Amino acid sequence: MENNNTFAEMYSEYLRDESRQTGMAESISFPKTEEEIISDLKKCVYKNMEITTQGARTGLAASAVPFGGHIINLSKMNKVTGARYEKESGRFFLKVQPGVLLTEVRKYLTNKSFVTLDWDEQSREALNYMEKNQWFYSTDPTEISASIGGMTACNASGAKSFRYGSTRDHVESLRVVLADGDILSLRRGQCMARDGHFELVTESGRTIKGELPKYKMPHVRKNTSGYYNKPHMDMIDLFIGADGTLGIISEIEIELSKKQAANWGVTVFMPDEDKALDLVRVARGEKVFEDMEALSLKPSAIEFFSHNALEMLKVQQKTNSAFASIQEIKDVYHTAVYIEIENDSDDEIWKGIDCLGTCIEKLGGDEDATWVANNPTSLEKLHSFRHACPECVNMQIDIAKKTDSRITKLGTDMSVPDDKLKEVMKMYNEDIKKNNLHAVIFGHVGNNHLHVNTIPRNMEEYKRGKELYLTWAEKIAAMGGAVSAEHGVGKLKVPFLQKMYSKEELDEMRSLKKLFDHTQLLNRGAVFPFEKGEDI
Amino acid sequence: MKIIVCIKQVPGTNEVKMDPTTNTIIRENVASIINPFDTYAIEEAVRIKERYGAEIYGLSMGIPAASEMLREAISLKIDKAMLLTDRKFAGADTLATSYALSRGVEKIGAYDLIICGKQATDGDTAQVGPSLAKTLGIAYATDISKIIELNYGFMRCMKITDDGYEEIEIKLPALITVVKEINMPRLPSIKSMRNAKSAEIEIVTSKDAAADENRTGLKGSPTQVRKTFVPVHDVNSIYISGSTEEQSKKLAEILLGKES
Ligand SMILES: Cc1cc2nc3c(=O)[nH]c(=O)nc-3n(C[C@H](O)[C@H](O)[C@H](O)COP(=O)(O)OP(=O)(O)OC[C@H]3O[C@@H](n4cnc5c(N)ncnc54)[C@H](O)[C@@H]3O)c2cc1C
Ligand SMILES: Cc1cc2nc3c(=O)[nH]c(=O)nc-3n(C[C@H](O)[C@H](O)[C@H](O)COP(=O)(O)OP(=O)(O)OC[C@H]3O[C@@H](n4cnc5c(N)ncnc54)[C@H](O)[C@@H]3O)c2cc1C
C-alpha cells in the first residue's frame, strides 16, 4: 500500500469520477491478483478503514469517489483470462479480470487478438471456434472506456439494451471477494433463493444464510435502483448492480452475442412530440391503431431526440466545425426517433422498414423525412448524430461553468413502465416550463428511459434544476418507475432512492449488506446512508 | 433542364485484389460502393433539381451487378439510370471509358450539364471527366467546390486551385467534376428507397449504344497496365554512438558525404 503526506496531490485523479465530484482518501493500492485484493482487504479491515473499489472511474453517480479510507483500484487487473465455447448450444463466453476495459474487449473480439500465453488448453481450443469480428459483447454504454467490473457493479446498459438487455443478462459467473477475504464463486443457475431465503457457501466452507428483503422492484425495462430482489432469484443477480457495496468482483465470465449479417439504422423526424412517442410505441410492437399490421421490425435500439435537442444540434452544426459533418436538420423536422435494426439479411430488414414507412404516414408523419443507413459508413453518421447530443450538452455546461465553477452536468437517469411514457414526458415538459428552465431530452426511449439534461445558465438555475430532480424522483417513484435506470444509485442519488423505498425497505437492504460486509466498510454511503449498527 | 451524373462502382475496401494476368481489378465477390466522389456529384445534381427543377440521369459503365449500385443512386434521388454493360467494354482505360460514356450520353440525348466526381478511388486518374468533355466537344471545369448560379445559358461556379479559389463562368452544356467541399451528401429516405426498389435501370450494350468496337474495352485502350505494385519506402536510419564530440564529428562527416 502506498501512503504518504502528499497523497491528495499524487493521486488526485483517483479522488474523482465522471460525476466530477471530488472526495478524499488516505491510501490506494493497485492489486494485480485476487490474492492481492484479499490481502489489501484484510489490512483495511484490521485497521477498520473504509474501502472504495474503483474500476475505470467513468461512473456518473460518484460511486467510485472515496470519502475517506483506502482505495482499491482494479485497473491493473485488466486481462482476459480464458474463453469457453459450448458446442451444443453455440454459446461463447469470455473469462475476464474486472479491470479490463470494454474498448479492449471489443478490440480483441474484432481482431481476434487475445493474449493467450496464460490461458489453459481448453480456452485456447475454444478460440478455434471463434472467427474474427463475428462475436461481440452486447452491453454498449456510450462510455466505452468503462471496465467490465464497473459495468457489472453498476449493471450498465446502453442503446442496444432494448433488444439485448443489460449487463445482468450476460454475466454467467462471478467471483466475489467479501470484506473478510473469503470468496463467493457464483455460477448462474446454481445458487437460487427459495421463498425469499438463500444459502451461500464460501470457498472456505462457511455458509451464509439469509433472508431477502420484502420490497418489490418496479416493473420497468431498466433498473439499477438498489439491490436486485425477487423471492426466487438467482443469487448471482444480487451482486450485479450492487454498486460495489457487497464485495469486490475479482473475476467475471461474460456471454458474447453473435453478430448478425445486416445492421441498419433509421432516423425518423415526426411533426410533433406526441406523434414521435406513438412511433416509439409502434416500433416496439404496441398496437397504436386498429387496422395496424404487427410490425416485424425487432429493433435493437429505439432512441429519442426532443425538439430542443434538435434545435441545439442545428445551432452547433452551423457554428461549430466539429459538427459540420452531421446531416442537415430541416426546419420542418420537429422531434426525432432513431431505430436500429439487426437481422440475417438486408431483405429482412427492408421488409420491416417498408412497414415502418407505412406506419409513419398513418401517424401523420412523412416517410421522406427519414435518414436510412444501410451500410457501416452511413450507420456511423447516425451514431455520431446521436453522440453529438451529450457532447453538445457538455460544451454548454462548460460555458455555464464559467459563471460559477460549482455548476455540473444535470442529467436524469430515470425510467418508467411502458404505459407511463407519455405521462412522464408531459411531466418533464410542464415542469421545465413552469420552472423557466432550458432543457434538452434524449435517450433510450424504447425502454422509457430518457436523459433530461437541464442546461443552467447560472447558479440560480442550477439549484432550481437540482431541486426539480428530487421532485421528479418522487413523482416517478409514484408512477412505479425507477430513480436510476442505468448509472446506479452510487453516492449521488441516495436521496432519490429514499423517494422510491421506505426507511424500512432501505433498512432491509442495509441488513443484507451487513450479512456480507459486517462492519459496512465497502463503498460506505453508496445506495443508502451509512448508519452505525449495534454490532460495531 | 437535364443533368447527367457519371457514377462509377468501386470496391468498398482498400484490400483490392488484382487479376495478375490482365492487371485489372477483380470486381466479382467484392462488396462495392458508389465511388465516394460521385455521391457529391449526385447530391449536387439533386440540389440543382430542388432549386431550379431538373431531370437527373445516372450513367455508369460497369459489370451487370453495377445496376444495384445505380438503384442506390436512385434512392439518393436521381430520376433515371442507364448502365453500359457488355464484355466489349471490359478492360477499358480512361480513353475507352470516356468514349463508351460518350455513347451513353448521346443515347440519353439533349442535356445541359454533366457532373462527374473529381476522381475514382480505384483508378484514381481524374481523367475521365475532362476526357469525356473532349469526346463530346463541350466545355468543362474540374474541381468545382460551389455552384453559385445557374441559368439556361451559363453557370457560375467556384473552382479550387492550388492557390485558393477561382470564380468561373462556363457556357452550357458543360461538364464539371466536383470535390468533397461542394456539399454534404444526404442519406436515402424510406420513401426514396422504396422508389428505387421498383425503378427500372436501362441496360445498354455496345450495340445498343452504337459504339465503335475498336474504340471500346481493351481493344480501344492504348494504355495497358503492365504491372501494379505497392511502392517500397526505404528509410535508412544510422545510429551514431560515442561521446558528444565523437558523435558530432561523425555527423559532420556524414553530412559532408565523407562517410556513408
Ligand atoms: C460520457 C458517459 C456516458 C455514459 N453512458 C452510459 C451508458 O450509456 N450506460 C450506462 O450504463 N452507463 C453510462 N455511463 C456511466 C458509466 O460508464 C458506467 O456506470 C460504468 O458501468 C462504470 O464503469 P467503471 O469501470 O468506470 O466503474 P467506476 O466508475 O470505477 O465504478 C462504478 C461503481 O462500480 C464499483 N466497482 C467497480 N469495479 C468493481 C469491482 N470489480 N467490484 C465491485 N465493485 C466495483 C465502484 O465501486 C462503483 O461503485 C456513462 C458515463 C459517461 C462519462
Ligand atoms: C490500379 C489501376 C491503375 C490504372 N491505371 C490507369 C492508367 O494509368 N491509365 C488509364 O488510362 N487507365 C488506368 N486504369 C483504368 C481506369 O481505372 C479505368 O479506365 C476507369 O474506368 C476510369 O478511370 P479512373 O478510375 O481513373 O476514373 P477517374 O478519371 O478518376 O474518374 C473520374 C470520374 O469519372 C467518372 N467515371 C469514371 N469511370 C466511370 C465509369 N466506369 N462509369 C461512369 N462514370 C465513370 C466518375 O464520375 C468519376 O468520379 C487503371 C485502373 C486500375 C485499377
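Above: the structure in question.
Residues numbered from 1 in each chain as written. Chains lettered and ligands numbered in written order. Predicted model: local features only at pLDDT ≥ 70, side-chain atom pairs only at ≥ 80, totals over all residues. Heavy atoms only, no water.

Enquirer: Give me the overall build of chain B: which residues, what numbers.
Expert: When its secondary structure is counted, chain B shows 6 helices and 11 strands. In terms of overall dimensions, chain B is more spread out than a globule: its C-alpha atoms have a radius of gyration of 23 Å, far above the 18 Å expected for 260 residues. Viewed in the frame of its principal axes, chain B has a C-alpha envelope of about 75 × 45 × 40 Å. Evaluated residue by residue, chain B yields a buried proportion of 44% over its 260 residues. Look at the contacts in chain B between residues 6 or more apart in sequence, and 71% of them connect residues 24 or more apart. Per element, the accessible surface of chain B, about 14,300 Å² overall, is 50% carbon and sulfur. With 33 positive and 35 negative side-chain charges, chain B shows a separation of 5 Å between the mean positions of the two kinds. (Helix = DSSP H or I, 4+ residues; strand = E, 2+ residues; numbered from the N terminus. Rg over C-alpha atoms; globule rule 2.2 N^0.38 Å. Buried < 20%, exposed > 50% of the residue type's maximum accessible area, 1.4 Å probe, protein only. Contact = heavy atoms within 4.5 Å. Areas by Shrake-Rupley, 256 points an atom, 1.4 Å probe, with all protein chains shown as cover. Lys, Arg positive; Asp, Glu negative; His and termini not counted. Charge placed at Lys NZ, Arg CZ, Asp CG, Glu CD.)

Enquirer: How would you explain the site of ligand 2 if you had to name every residue and give the values?
Expert: Residues and elements named next belong to chain B. Close contacts around ligand 2 come from 27 residues, with Cys6, Lys8, Asp38, Ala120 and Thr125 the closest. Within the contact set of ligand 2, an oxygen atom lies 3.1 Å away from a backbone nitrogen or oxygen of Asp93. Considering ligand 2 on its own, with 930 Å² of exposed area, one finds that the protein chains cover 86% of that surface. Elements that contribute at least two residues to the shell around ligand 2 include exactly β4 (55-61), α3 (94-108) and β6 (113-117). Residues belonging to the shell around ligand 2 are distributed by class as follows: 12 nonpolar, 10 polar and 5 charged. (Near = heavy atom within 4 Å. Polar contact = N/O pair within 3.5 Å; in protein donor to acceptor, adjacent residues only side chain to side chain. Nonpolar A, V, L, I, M, F, W, Y, C, P; charged D, E, K, R; others polar.)

Enquirer: Tell me about the site of ligand 1, and please be specific about residues and values.
Expert: Residues and elements named next belong to chain A. Taken together, 33 residues form the shell around ligand 1, and within it Thr53, Thr58, Ser63, Ser147 and Ser157 come nearest. A distance of 2.6 Å is found between a nitrogen atom of ligand 1 and a backbone nitrogen or oxygen belonging to Ser157. One of the backbone N or O atoms of Asp243 is found 3.1 Å from an oxygen atom in ligand 1. For ligand 1, the accessible surface in isolation is 980 Å², of which the surrounding protein chains cover 94%. Of all the secondary-structure elements, those providing two or more residues to the shell around ligand 1 are β2 (51-54), α5 (148-154) and β11 (248-255). Counting residues per element, the shell around ligand 1 draws most heavily on α5, which supplies 5 residues. Considered class by class, the residues forming the shell around ligand 1 number 13 nonpolar, 15 polar and 5 charged.

Enquirer: Before we move on, can you summarise the nonpolar core with the specific residues and values?
Expert: Counting 122 residues, the largest nonpolar core has A:Leu94, A:Ile148, A:Phe239, A:Leu356, A:Tyr428 and A:Phe516 as the members making the most contacts within it. Ignoring any residue separated from it by four or fewer positions in sequence, one finds A:Leu356 in contact with A:Val266, A:Val268, A:Leu279, A:Leu295, A:Leu297, A:Ile339 and B:Ile190. Among the nonpolar cores identified, the runner-up in size contains 40 residues, and B:Ile34, B:Ile42, B:Ile56 and B:Ala174 belong to it. (Core = buried A, V, L, I, M, F, W, Y, C linked by side-chain atoms within 4.5 Å.)

Enquirer: Before we move on, can you summarise the sheet that holds strand β11 (residues 201-204) of chain B with the specific residues and values?
Expert: Residues and elements named next belong to chain B. With mixed pairing, 9 strands are arranged side by side in an open sheet as β9-β8-β7-β10-β6-β1-β4-β5-β11. Across the chains shown, the open sheet's two edge strands, defined by having one partner strand only, are β9 (164-171) and β11. Between one strand axis and the next, the sheet turns by 35 degrees as a mean value, whatever way the strands run. Against the sheet, helix α4 (residues 128-136) touches β1 (2-6), β6, β7 (139-150) and β10 (174-178), its axis set at about 175 degrees to β10. (Pairing = 2+ DSSP bridges. Axes fitted to C-alpha atoms, helices over the stretch in contact; angles between N-to-C directions.)

Enquirer: Provide a residue-level description of the interface of chain A and chain B, including the pertinent values.
Expert: Reports of interface size often rely on the accessible area that becomes lost once the parts have come together. With 21 residues of chain A at the interface, the matching set in chain B holds 13 residues. Taken together, both faces of the contact between chain A and chain B bury some 1,500 Å²; the carbon and sulfur share is 57%. Together, A:Trp350, A:Glu367 and A:Asp368 form the three largest contributors to the area buried by chain A at its contact with chain B, with a combined 37%. Connecting chain A to chain B are 3 salt bridges. A salt bridge links B:Arg194 to A:Asp354; the shortest N-O distance between them is 2.6 Å. Between chain A and chain B we count 10 residue pairs in polar contact (both at pLDDT 80 or more) in total. Put simply, the parts of the chain that give the side of chain A that touches chain B at least two residues each are β13 (262-270), α10 (346-362), β16 (370-373) and α11 (376-401) of chain A. Per-element accounting of the side of chain A that touches chain B gives the leading share, 7 residues, to α10(A). (Buried area = accessible area lost by both parts, 1.4 Å probe. Salt bridge = Lys/Arg side-chain N within 4 Å of Asp/Glu carboxyl O.)

Enquirer: Describe the packing of aromatic side chains, naming the residues involved and giving the relevant values.
Expert: Residues and elements named next belong to chain A. Counting across every chain of the model gives 20 aromatic pairs over all chains. Measuring from ring centre to ring centre gives 5.3 Å for Tyr14 and Phe30, while their planes differ by 75 degrees; the resulting arrangement is edge-to-face. In this pair, Tyr14 sits in the loop between α1 (7-10) and β1 (27-29) while Phe30 sits in the loop between β1 and α2 (34-47), placing the two residues 16 residues apart along the sequence. Exposure class is identical for Tyr14 and Phe30. Each is buried. Taken together, the ring pairs connect Phe269, Phe305, Tyr333, Trp371 and Phe385 into an aromatic cluster. One residue, Lys76, lies across the ring of Phe30, its end atom 4.9 Å from the ring centre. The residue whose ring lies beneath Arg524 is Phe530, and the NZ or CZ to ring-centre distance is 3.8 Å. (Phe/Tyr/Trp six-rings, centres within 6.5 Å; stacked < 30°, edge-to-face > 60°. Lys NZ or Arg CZ within 6 Å of the ring centre and 35° of its normal.)

Enquirer: How would you summarise helix α13 (residues 459-478) of chain A if you had to cite specific residues and measurements?
Expert: Residue and element names in this part refer to chain A. Its 20 residues place the ends of α13 29 Å apart at the C-alpha level, agreeing with the 28 Å of an ideal helix rising 1.5 Å per residue. One side-chain oxygen at the N-terminal end of α13 lies 3.2 Å from the backbone nitrogen of Glu460; it belongs to Asn458. Positioned one or two residues after α13, Gly480 has a phi angle of 85 degrees, which is positive. (Expected span 1.5 Å × (residues − 1).)

Enquirer: Please give an account of the sheet that holds β2(A) that cites residues and values.
Expert: All names here are of chain A. With respect to topology, 3 strands assemble into an open sheet ordered β1-β3-β2, the strand pairing being parallel. With one partner strand each, in any of the chains shown, β1 and β2 form the two edges of the open sheet. Sheet twist, expressed as the mean angle between neighbouring strand axes with direction ignored, is 20 degrees.

Enquirer: Please give an account of the environment of A:Gly165 that cites residues and values.
Expert: Residue and element names in this part refer to chain A. The residue Gly165 is located in the loop between α6 (161-164) and β7 (171-177) in this model. When its relative accessible area of 16% is taken as the criterion, Gly165 is described as buried. Taking the C-alpha atoms as reference, Gly165 lies 8.2 Å from Lys222; in sequence the two are 57 residues apart. Beyond its immediate chain neighbours, meaning those up to four positions away, Gly165 contacts Lys160 and His170.

Enquirer: Hey, could you go over the pairing of strand β3 (residues 70-73) of chain A for me, with residue numbers and the actual values?
Expert: All names here are of chain A. Here β3 shows two buried faces, one formed by His70 and Ile72 and the other by Ile71 and Asn73. Pairing of β1 with β3 involves 3 bridges; the strand directions are parallel. In the sheet register, Ser29 faces β3, and the bridge partner there is Ile72. Where β2 meets β3, 4 bridges bridge the pair, whose relative direction is parallel. In the sheet register, Thr52 faces β3, and the bridge partner there is Ile71.

Enquirer: Give a detailed account of the side chain of A:Glu342, specifying residues and quantitative values.
Expert: Residues and elements named next belong to chain A. Looking at the secondary structure, you find Glu342 in strand β15 (residues 335-343). According to the relative accessible area criterion, Glu342 is buried, its value standing at 5%. Within polar-contact distance, the side chain of Glu342 engages the side chain of Ser300 at 2.7 Å. Ignoring anything within four residues of it in the chain, the contact list for Glu342 reads Phe136, Lys160, Arg163, Tyr164, Gln260, Ala262, Asn263, Ser300 and Ile349.

Enquirer: Outline α10(A), supporting the account with residue identities and numerical values.
Expert: When the terminal C-alpha atoms of α10(A) are compared, their 24 Å separation across 17 residues agrees well with the 24 Å that a helix rising 1.5 Å per residue should span. Restricting attention to buried positions, one finds in α10(A) the residues A:Ile349, A:Trp350, A:Gly352, A:Ile353, A:Leu356, A:Gly357, A:Cys359 and A:Ile360. The elements touched by buried residues of α10(A) are β13, α8 (273-283), β15 and β16 of chain A together with α5 (190-198) of chain B. Residue A:Gly364 follows α10(A) closely and has a positive phi angle near 95 degrees.

Any functional reading would require information beyond the geometric quantities listed.
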